[in-house]
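# Residue-level structural notes
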Amino acid sequence: MSDNTSSMAISERESRRNAFLSSTPGLLLFATTSCLLWGSAFPCTKIGNVLFGIGAAATSSQLLFAGVRFTIAGCMVIAFMSAKRGRPLVPRVTDWKAILCLSLFQTVLQYGLFYPGLSRSSGVASSIIESSASFVVIVLAALVFRQEKLTSRKVLGCLAGFAGVLLVNLKPGGSLGFSPIGEGLVFLSTIAAAMSSCLIRELSKRHDAVLLSGWQFLVGGVVLTIIGIAAGGHLAPSRPAALALLAYMGFISAAAYTLWSMLLSANPVSRVAVFGFMNPVFGVLLSAILLNETSALNPLAAAAALVLVSAGIVIVNRMSGKGARNA
């Protein structure tokens, strides 16, 4: 009897949690928090490269840095949720296939492709290409995973968001090129990221989304660490601040991806994915503040970009009724 009562209590808590996550306030709070954290990763990565003595072309060291970061993130999620739930967050045998599949796309392929591509392409081009992941997610969710319909409203919202990203990144007289081993790898990383978002939505129907998030980070982080070391990468922290920054970057991934996974488990993919256009906008704004790159920021362009991105979010999420949310 007590087991039934406990199961009912857990089910009731999960129902209340999902109701909040699928509500507009819950979606805005968790999605914006995630994007703000991810946005801070842009300048923090540049700061980390300096503090750890990682050169712009030192791909193996960049992969090692990413691997250590995600290993820390995985340990953070697992430790925190184990303490919160009062029991170890240990996968069942049936969870491992999902963990390995998600880890392959969300961590190993996404960042294993992104860092080498980033080192061979411009920051502007990479930021713009990466922002296209939000549109790719919605297309994959509709045409490949058949999780929802691709509507004109979703396409219009994505175009508005993408226009905002273009506006905040493009500089007067700037030009964008394309190299298969530069921008090409960055684009492939966005496809991997988009695949992971759709997989989270699908796999969370049968598995604990938070458990998947924590363990896929740990597995993916260890894999990237091994690849980085095998390729000759090394980290040389110049002062204690370097270790503090690494811990914060682990927290960024742990918190942002866990919140994002929870949102994807309770909402249609398109409702969540369109918020991804906020990432590069926050990245530009926070880079201006943390890296003192204010001269590269056009306040009017930034304001217009925020308006366009916000408009895109509103357009995609302007749904009424249960049927619209499940479309």
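Keep in mind the model is a prediction, meaning the values are calculated, not measured.

### Section: the packing of helix H9 (residues 209–230) against helix H10 (residues 240–266)
Here H9 crosses H10 at 145°, and the two axes come no closer than 9 Å. In the packing of H9 onto H10, the handedness of the crossing is right-handed. For the pair H9 and H10, the contacting residues are Ala-209, Val-210, Ser-213 and Phe-217 in the first and Ser-253, Ala-254, Tyr-257, Thr-258, Ser-261, Met-262 and Ser-265 in the second. For the contact of H9 with H10, a count of residues per class yields six nonpolar, five polar and no charged.

### Here's the deal with the side chain of Ser-270
Residue position: Ser-270 is located in helix H11 (residues 269–273). Take Ser-270: its relative accessible area is 0%, and that puts it in the buried class. At 2.4 Å, the side chain of Ser-270 forms a polar contact with the side chain of Glu-148.

### With respect to the packing of aromatic side chains
As enumerated under the stated definition, the model contains 11 aromatic pairs in all. Residues Phe-217 and Tyr-257 carry aromatic rings whose centres are separated by 5.1 Å and whose planes lie at 70° to one another, so their mutual orientation is edge-to-face. Of this pair, Phe-217 sits in helix H9 while Tyr-257 is found in helix H10, placing the two residues 40 residues apart along the sequence. Comparing Phe-217 with Tyr-257, the two get one shared label, buried. Pairwise contacts between aromatic rings join Trp-38, Phe-70, Tyr-111, Phe-114, Tyr-115, Phe-217, Tyr-257 and Trp-260 into one cluster.

What counts as what
- Residues numbered from 1 in each chain as written.
- Predicted model: local features only at pLDDT ≥ 70, side-chain atom pairs only at ≥ 80, totals over all residues.
- Heavy atoms only, no water.
- Axes fitted to C-alpha atoms, helices over the stretch in contact; angles between N-to-C directions.
- Helix = DSSP H or I, 4+ residues; strand = E, 2+ residues; numbered from the N terminus.
- Left-handed = near helix turned anticlockwise from the far one by under 90°.
- Contact = heavy atoms within 4.5 Å.
- Nonpolar A, V, L, I, M, F, W, Y, C, P; charged D, E, K, R; others polar.
- Buried < 20%, exposed > 50% of the residue type's maximum accessible area, 1.4 Å probe, protein only.
- Polar contact = N/O pair within 3.5 Å; in protein donor to acceptor, adjacent residues only side chain to side chain.
- Phe/Tyr/Trp six-rings, centres within 6.5 Å; stacked < 30°, edge-to-face > 60°.

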